[in-house]
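For reference, the chains in residue letters:
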Amino acid sequence: MTVDRQVVQAFEERFGAAPAFVVRAPGRVNLIGEHTDYNDGFVLPLAIDRAAWIALRPAAGRAVTVHSLDFGEVDTFDLDRVAPQPGSWANYVRGVAWALQQRGHALAGWEGVLAGDVPLGAGLSSSAALEMAVARAFAAVGDWPWDPPAMALSGQMAENKWVGVNTGIMDQMISAAGVAGHALLIDCRSLETTSIPLPAGYAVVVLDTATRRGLAGSAYNERRSQCEAAARHFGVKALRDVSVSQLEAAQADLDPLIYRRARHVVTENARVLQACDEMRTGNALELGRLLDASHASLRDDFQVSSRELDAFVEIAAAHGACVGARMTGAGFGGCAVALVEDEGSPAFARSVAAGYMARTGLSPRVYVCRATNGAEIVA
Ligand code: GLA
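Residues numbered from 1 in each chain as written. Predicted model: local features only at pLDDT ≥ 70, side-chain atom pairs only at ≥ 80, totals over all residues. Heavy atoms only, no water.

Regarding the site of the ligand
Move 1: Taken together, 13 residues sit near the ligand, with Glu-34, His-35, Asp-37, Asp-171 and Tyr-220 positioned nearest.
Move 2: Here an oxygen atom of the ligand sits 2.7 Å away from a polar atom, N or O, in the main chain of His-35.
Move 3: A distance of 2.6 Å is found between an oxygen atom of the ligand and a side-chain nitrogen or oxygen belonging to Tyr-220.
Move 4: For the ligand, the protein covers 97% of the area, taking 310 Å² as the surface of the free molecule. (Near = heavy atom within 4 Å. Polar contact = N/O pair within 3.5 Å; in protein donor to acceptor, adjacent residues only side chain to side chain. Areas by Shrake-Rupley, 256 points an atom, 1.4 Å probe, with all protein chains shown as cover.)

Things to note about the packing of aromatic side chains
Move 1: Scanning the entire structure with this criterion turns up five aromatic pairs.
Move 2: Measuring from centroid to centroid gives 4.1 Å for Phe-312 and Tyr-356, while their planes differ by 15 degrees, and the two rings are stacked. With a gap of 44 residues between them, Phe-312 in helix α10 (residues 307-317) and Tyr-356 in helix α11 (residues 345-360) connect regions that are remote in the sequence.
Move 3: You can call Phe-312 buried: its relative accessible area is 0%.
Move 4: Here Tyr-356 falls in the buried class, since its relative accessible area comes to 0%.
Move 5: Above the face of the Trp-53 ring, Arg-24 is positioned so that its terminal group lies 5.8 Å from the ring centre. (Phe/Tyr/Trp six-rings, centres within 6.5 Å; stacked < 30°, edge-to-face > 60°. Helix = DSSP H or I, 4+ residues; strand = E, 2+ residues; numbered from the N terminus. Buried < 20%, exposed > 50% of the residue type's maximum accessible area, 1.4 Å probe, protein only. Lys NZ or Arg CZ within 6 Å of the ring centre and 35° of its normal.)

Things to note about the side chain of Thr-209
Move 1: One can find Thr-209 in the loop between β8 (202-208) and α6 (218-234).
Move 2: Look at Thr-209 and you get buried, because its relative accessible area is 0%.
Move 3: Polar contacts involving the side chain of Thr-209 include one to the side chain of Thr-211, which spans 2.7 Å.
Move 4: One polar contact links the side chain of Thr-209 to the main-chain carbonyl oxygen of Gly-334, over a distance of 2.6 Å.
Move 5: Sequence-distant contacts of Thr-209, defined by excluding residues within four places in its chain, comprise Glu-308, Leu-309, Phe-312, Gly-333, Gly-334, Tyr-356 and Leu-362. (Contact = heavy atoms within 4.5 Å.)

Some remarks on helix α2 (residues 90-102)
Move 1: In this model α2 runs 18 Å from its N-terminal to its C-terminal C-alpha over 13 residues, within 8% of the 18 Å that 1.5 Å per residue would give.
Move 2: Where α2 is buried, its residues contact β3 (63-68), β4 (73-78), α3 (126-142) and α4 (148-163).
Move 3: Gly-104 occupies a position one or two residues after α2 and carries a positive phi of about 95 degrees. (Expected span 1.5 Å × (residues − 1).)

Remarks on the pairing of β4
Move 1: In terms of strand pairing, β3 meets β4 through six bridges, oriented antiparallel. Bridging from a neighbouring strand, Ser-68 pairs with Glu-73 of β4.
Move 2: Where β3 hands over to β4, the hairpin turn is made up of four residues, of which Gly-72 adopts a positive phi near 60 degrees. (Pairing = 2+ DSSP bridges.)

Observations concerning the sheet that holds strand β9 (residues 322-327)
Move 1: In spatial order, the strands read β9-β10-β8-β11; together these four strands make up an open sheet with antiparallel pairing. The sheet is open, and its two borders are formed by β9 and β11 (365-369), each paired with just one other strand. Across the sheet, the mean angle from the axis of one strand to that of its neighbour is 20 degrees, orientation sign disregarded.
Move 2: Taken together, the seven bridges between β8 and strand β10 (residues 335-341) define a ladder with antiparallel strand orientation. Paired with Val-205 across the bridge in β10 is Ala-338.
Move 3: Of the strands in this sheet, β8, β9 and β10 are in contact with helix α9 (residues 284-300), which crosses β9 at around 25 degrees. (Axes fitted to C-alpha atoms, helices over the stretch in contact; angles between N-to-C directions.)

Here you go:
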């Protein structure tokens, strides 16, 4: 049964009536533009056909009650006294309620059933999907217009200040604002978005290495500080404001490690903008080359890849149907993404999964993705 059917059926069993709303918010895969969001730069993710779903109805009073089908648990809290629930899925629900109120939204109570099919901890932004589904539920109950940047900022505030993970804005923005059939160019400074059609005849394939590494780890924060140090050197707000030629000119004055970190960010921003041009003119081969270059930069300059990610990218890139591949998300584990000729994609999926298993002994997952809308009321 599909997840939307599951939440509706479970809602009807529990509450003896049909839900007033069914909302969904998707996970994401980032095509290109990695570790650029917290540098006020550019990213190009797509919302995928895996999502968090909530069937709900307004409730009298100030209580929010959510049944999680995936965890077999119920969480109830009072909107006037939101308390943390560390380590639980419910902490994300509570964190979003807290952040929305901090940012001035008037919230009303509701009750509902939640389920999702974004694999947890795989680097496909299951937590952003949950956050944006909860925001979409509050917006539906309060009857406010959906404002993706405002909702994404609330989700990010929940993540940074409530859950305590210092991530950028990309994951919440794409989950809030995705457009079916398109990738979304996000300017992470202005939060302006432009939808860019995916190249016809090509599939976006996610390659899950079956290795995991939590974001709370120190490496992500360390990369952020190194980028900030580089921006300080140039006297600018963020590396977004530094061009490739400015960086090259300053190489001798920069600590070699800081220089390499900055070179990744500065060249990656340029690759994202070029990727958009290639997509607008339908040049999938050139887009693929940019994915390959992004991976090399993340591996060698930013140093956030892993043995498994490198192996999967190498195996994918060697397949005849693949025009480009790279690690996606924060790195150190999780997923890679490949751009693959549509026709060859089922054979590609089988062949690279077998190749990866033979090389690493790990059982990977391979998903051929469809680009979907961002958070929406579906019924
Ligand atoms: C994680 C974070 C994002 C972004 C990526 C790296 O997914 O949540 O904000 O920084 O890493 O591009």
